[in-house]
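So the chains spell out like this:
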Amino acid sequence: MLIKKPAVCGTLESSDVQITIRPNEGNGIRIELETIFGDEIIRTVQEVLNEFEVRDADISLVDKGALDCVIRSRMQAVILRASGEQYDWSKEDALWKTA
């Protein structure tokens, strides 16, 4: 997915994360992170970037103790805002339905 414009998602409140993403065309992924839980957050960010097939982006995160599920959802939202693409959220809903 192509990042077309800058976008921000999240807050600087406790238990949240503020993520800013910017186009970085042709220069790959660059991640800047303010936190004490760096390795786990970087892994989550990279997983979401791979899920959305983002290859070039400049990403800045300011973590205030966000859980993994919060980081993942903020990443999904900021990628979609920056790309201008629509997403089929029913794929996510299917994960929560029981058989």
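Just above sits the structure.
The model shown is predicted, which means the values in this text are computed figures rather than measured ones. (Residues numbered from 1 in each chain as written. Predicted model: local features only at pLDDT ≥ 70, side-chain atom pairs only at ≥ 80, totals over all residues. Heavy atoms only, no water.)

Visitor: Got a minute to help me understand the sheet that holds strand S3 (residues 29-34) in this structure?
Guide: Hydrogen bonding along the main chain pairs the strands of a sheet, whether they run parallel or antiparallel. In spatial order, the strands read S1-S2-S4-S3; together these four strands make up an open sheet with mixed pairing. The open sheet has two free edges, formed respectively by strand S1 (7-9) and S3, since each of these has just one partner strand. The mean inter-strand angle of the sheet, taken between neighbouring strand axes irrespective of direction, is 15 degrees. Where strand S2 (residues 17-22) meets strand S4 (residues 57-63), six bridges bridge the pair, whose relative direction is antiparallel. In the sheet register, glutamine 18 faces S4, and the bridge partner there is valine 62. Its contacts with the sheet place helix H2 (residues 68-83) against S1 and S2, and it is angled at close to 30 degrees to S2. (Pairing = 2+ DSSP bridges. Helix = DSSP H or I, 4+ residues; strand = E, 2+ residues; numbered from the N terminus. Axes fitted to C-alpha atoms, helices over the stretch in contact; angles between N-to-C directions. Contact = heavy atoms within 4.5 Å.)

Visitor: What is the right way to read the pattern of salt bridges from this model?
Guide: Pairing of side chains with opposite charge becomes possible as their charged atoms draw close. Enumeration over the complete set of coordinates arrives at eight salt bridges. As a salt-bridge pair, arginine 72 and glutamate 47 come within 2.6 Å of each other at their nearest N and O atoms. Of this pair, arginine 72 sits in helix H2 while glutamate 47 sits in helix H1 (residues 38-51), placing them 25 residues apart in sequence. On the basis of relative accessible area, glutamate 47 is assigned to the partly exposed category, the value being 36%. Arginine 72 is paired through a salt bridge with glutamate 51; the nearest N and O atoms lie 3.2 Å apart. Linking arginine 72 in helix H2 with glutamate 51 in helix H1, this pair joins segments that are 21 residues apart in sequence. Taken together, the salt bridges that share partners define one network made up of Arg22, Arg30, Glu32 and Asp58. (Salt bridge = Lys/Arg side-chain N within 4 Å of Asp/Glu carboxyl O. Buried < 20%, exposed > 50% of the residue type's maximum accessible area, 1.4 Å probe, protein only.)

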